[in-house]
Amino acid sequence: IHYCMGGLRINGGGECLTADEKVVGGLYGAGEAAGGIHGNNRLGGNSLLDCVVYGRVCGRSAARFLTSQNIKFIEASKAGSAVASKL
């Protein structure tokens, strides 16, 4: 396939959404997989914008997600919660 015009629905942070607009935690979509800003009419060469910009947005969002998950894990382990299932 030369170019895919989307398929994944994402929000402004690049997080993938379900059919009822709920965020799928930890799943991100960028570039051709999300369709990008061009809709169903893309000019040649413009896919770089989708890949670079949304790749950066997704990377930032993923870092925030993982940081928050790590903080929750550390707080739970300090509280003595059963965290063995997370290992």
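As shown above, the structure is provided for reference.
Here we summarise the structure given alongside this text. (Residues numbered from 1 in each chain as written. Predicted model: local features only at pLDDT ≥ 70, side-chain atom pairs only at ≥ 80, totals over all residues. Heavy atoms only, no water.)

Description of the pattern of salt bridges
- By the definition in use, this model includes two salt bridges.
- Of the charged contacts in the structure, one is a salt bridge between Asp20 and Lys22, with a shortest N-O distance of 3.8 Å.
- Residue Lys22 is classed as exposed on the basis of its relative accessible area of 53%. (Salt bridge = Lys/Arg side-chain N within 4 Å of Asp/Glu carboxyl O. Buried < 20%, exposed > 50% of the residue type's maximum accessible area, 1.4 Å probe, protein only.)

Focus: unusual backbone geometry
- One non-glycine residue with positive phi stands out, namely Glu21, at about 65 degrees.
- When you line up the elements, Glu21 lands in the loop between β1 (15-17) and β2 (23-28).
- Looking at Glu21, the relative accessible area reads 44%, which means it is partly exposed. (Helix = DSSP H or I, 4+ residues; strand = E, 2+ residues; numbered from the N terminus.)

Overview of the environment of Leu49
- Residue position: Leu49 is located in helix α1 (residues 47-78).
- Among the residues examined, Leu49 registers a relative accessible area of 39% and is labelled partly exposed.
- Spatially, the C-alpha atom of Leu49 lies 8.0 Å from that of Gly31, the residues being 18 residues apart in sequence.

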